[in-house]
Amino acid sequence: MSTAMPGRGAPAPVATSIDDRRWRRGVRALGVVAAAATVGATVQDLPGSTATALLLAAAALWLVELLATPRDIRFEAALLVLVGLAGAALNAVAADSAGFLFAYFAAAAIGLRLPTRIAVITIGTVVAAMAIAIVARGGGHTASSLAADLLGVAFAGSVAAATRSARQAHARSAALVAALEESRAAQAETAALAERARLAREIHDILAHSLSGQVMSLEAASLLAQRTGADERVRVQIDRAHQLARAGLVETRQAIHALRGQELPGTRRIAELVSEASRTHGLDIDLTTTGTPRDLAAEAGLTLYRAVQEALTNTAKHAGAGARSSVRIDWGEHEVELTVTDRRSTAEPAPVGVPGSGYGLTGLRERAELAGGRLDAHPTADGFVLHLTLPCTDTAAGADRAHGADRAHGADRADGAAS
């Protein structure tokens, strides 16, 4: 017998969870065992073929309800009434038989399966049939038999109906809890988006405005150096600082776009990044790509881009203008490898350099781990080498780790720091 108790007149359907399916299978198995035990214990002691036929008919109808539950509520109600009537008739023909048990079975199934109004009508029909059967067979204990059997049928139906109601209430509670969890997740996502928007505004108001002022000041300084005939090296350094400030302004705008959920820089912009770094820092950069380039997941593509950016920025800071740098990207079937090496120029004096905090490489290492890769960076005899390995997952798979991308964005604040 199916006990899914769909909402035919009920307030809400019972959830078809794994536990619910197990419960239904258990009830069905219990019904089959009970029917088999009833038939086995009764069939040999029946007084005649009529009683045997009634017993087998009741058992067959009960098995139909258990194993092939009708989809139509009217058919199921009629089937359960027939089970109860067969049990009542058997009880009338053979007073000492266990026919009354089939009336109990029918009442329990009615309470579990049927809406309240239909259940009351069908159980009332079974109760009436049992009363008629007890009165018809007569005997010295008619009153006690009426009380025991009729109360037994009513009790079985009531307990089953209470069980059905409790399971429906549990299903509604589970649905409400799930809806509450979804609401909380939506609220948390909204709060995160609001915080990212606030950070974007703060970055724009502080960094973007200050960098814009710095760009204008450096432009004025460059014009002043030209008019006053300043040393050419001073003008070169001013122009270089001007280019760096403009590049920082572009990066700030990209960070604002990222916080607002807009497109992030990725593998397709690495060639542009290398070209810009060569012009801005005066580096001799050789970019080599092997294999078949393809789009990576958002956080992996951003990690690859930031690794090239950080390596070239550190080359400019620590190796100076004229330094040689090699950027090599090897696309494999399952991984992409980035190797950036630099060698200090012997023609240019060593730059003074800005003291580094080490947060740049730390942030990159965190990015690589979040994207499922690994980063190794260490000095060499005449320079520095950075090696990054990332998995080549498609962009759809990257969506499953969007939370990692959000954490990777947080490491963006360290990108401008020297390693």
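Remember, it's a predicted structure, so these values are computed and weren't measured experimentally.

Colleague: Before we move on, can you summarise the overall build of the chain with the specific residues and values?
Modeller: The number of helices and strands found in the chain is 12 helices and five strands. Sorting the 419 residues of the chain into buried and exposed places 39% on the buried side. Put simply, of all contacts in the chain between residues at least 6 apart along the chain, 72% involve residues at least 24 apart. Counting every atom, the chain has about 22000 Å² of accessible surface; 60% of that belongs to carbon and sulfur.

Colleague: Which residues make up the environment of G360, and what are the values?
Modeller: Structurally, the position occupied by G360 is in helix 10 (residues 359-370). Between the alpha carbons of G360 and A307 there is a distance of 9.2 Å; along the sequence they are 53 residues apart.

Colleague: So, the packing of aromatic side chains: which residues are in play, and what are the values?
Modeller: Geometrically, a pair of aromatic rings is defined through the distance of the ring centres and the angle of the planes. Enumeration over the complete set of coordinates arrives at two aromatic pairs. For the ring pair W62 and F105, a centre distance of 5.4 Å and an interplane angle of 25 degrees mean the geometry is stacked. In this pair, W62 sits in helix 2 (residues 49-67) while F105 sits in helix 4 (residues 99-113), placing the two residues 43 residues apart along the sequence. Relative accessible area serves as the criterion here: at 15%, F105 is assigned to the buried category.

Colleague: Talk me through the pairing of strand 4 (residues 374-379); I want residue IDs and the actual numbers.
Modeller: When strand 4 meets strand 5 (residues 383-391), the two strands line up antiparallel, connected through six bridges. Residue pairing for strand 5: R374 is matched across the bridge by T389. Counted along the chain from strand 4 to the antiparallel partner strand 5, the turn is three residues long.

Colleague: Could you give me a rundown of the sheet that holds strand 2 (residues 324-331), with the residues and numbers involved?
Modeller: Overall, mixed pairing links the five strands, which are arranged 1-2-3-5-4 in an open sheet. For this open sheet the edge positions go to strand 1 (284-290) and strand 4, each flanked by a neighbour on one side alone. Along the sheet, successive strands turn relative to each other by an average axial angle of 10 degrees, direction set aside. Where strand 3 (residues 335-343) lies against strand 5, nine bridges are found, and the strand directions are antiparallel. Along strand 5, the bridge assignment pairs V340 with L386. With respect to the sheet, helix 8 (residues 270-281) is in contact with strand 1 and strand 2, its orientation differing from that of strand 1 by roughly 165 degrees.

Colleague: Give me the lowdown on the pattern of salt bridges, citing residues and values where you can.
Modeller: Here the structure, examined in full by the defined rule, presents eight salt bridges. Of the charged contacts in the structure, one is a salt bridge between R74 and D72, with a shortest N-O distance of 3.0 Å. A relative accessible area of 24% means that D72 is categorised as partly exposed.

Colleague: A description of empty space enclosed by the protein should follow, citing residues and the corresponding values.
Modeller: Taken as a whole and judged by the stated rule, the model has one cavity of 30 Å³ or more. Its volume calculated, the largest cavity comes out at about 50 Å³. Lining the largest cavity are E310, A311, N314, T315, V340, D342, L361, F384 and L386. Listing elements by their share of the lining of the largest cavity, those giving two or more residues are helix 9 (298-318), strand 3 and strand 5. Classifying every residue of the lining of the largest cavity gives five nonpolar, two polar and two charged.

How each quantity is defined
- Per chain, residue numbering runs from 1 following the sequence as it is written.
- Local features in a predicted model are, by the rule used here, given only for residues with pLDDT of at least 70; side-chain atom pairs are given and counted only at 80 or more, and totals for whole chains, interfaces and linings are based on all residues.
- Values shown for side chains rest on all heavy atoms present in the structure; no hydrogens or waters enter the calculation.
- Secondary structure elements are defined from DSSP: runs of H or I of at least 4 residues count as helices, runs of E of at least 2 residues count as strands, and each element is numbered from the N terminus.
- Accessible area is worked out with a 1.4 Å probe on protein chains only. A residue is then buried under 20% of its type maximum, exposed over 50%, and partly exposed in between.
- Two residues qualify as a contact provided that any one of their heavy atoms is within 4.5 Å of a heavy atom in the partner residue.
- Only the protein chains shown count as covering a residue, and every accessible area follows the Shrake-Rupley method with a 1.4 Å probe.
- Here the aromatic set is Phe, Tyr and Trp, taking the six-membered ring for Trp, and pairing holds for ring centres within 6.5 Å; pairs whose planes are under 30 degrees apart are stacked, those over 60 apart are edge-to-face, and all others are tilted.
- Between any two strands, at least two bridges found by DSSP are needed for them to pair.
- Axes here refer to lines fitted to C-alpha atoms; in helices the fit is confined to the stretch in contact. Angles between the N-to-C directions go from 0 to 180 degrees.
- Whenever Lys or Arg places a side-chain nitrogen within 4 Å of a carboxyl oxygen from Asp or Glu, that contact is recorded as a salt bridge.
- A cavity here means a set of 1 Å grid points, computed over protein atoms only, where a 1.4 Å probe fits but cannot escape. A pocket is an open set with protein on both sides within 12 Å along at least 5 of 7 lines, and lining residues have an atom within 4 Å of a point.
- Grid points are joined across faces, edges and corners, and a volume is the space filled by probe spheres set on the points.
- Under the convention adopted here, Pro, Cys and the residues Ala, Val, Leu, Ile, Met, Phe, Trp and Tyr are nonpolar, Asp, Glu, Lys and Arg are charged, and Gly plus all remaining residues are polar.

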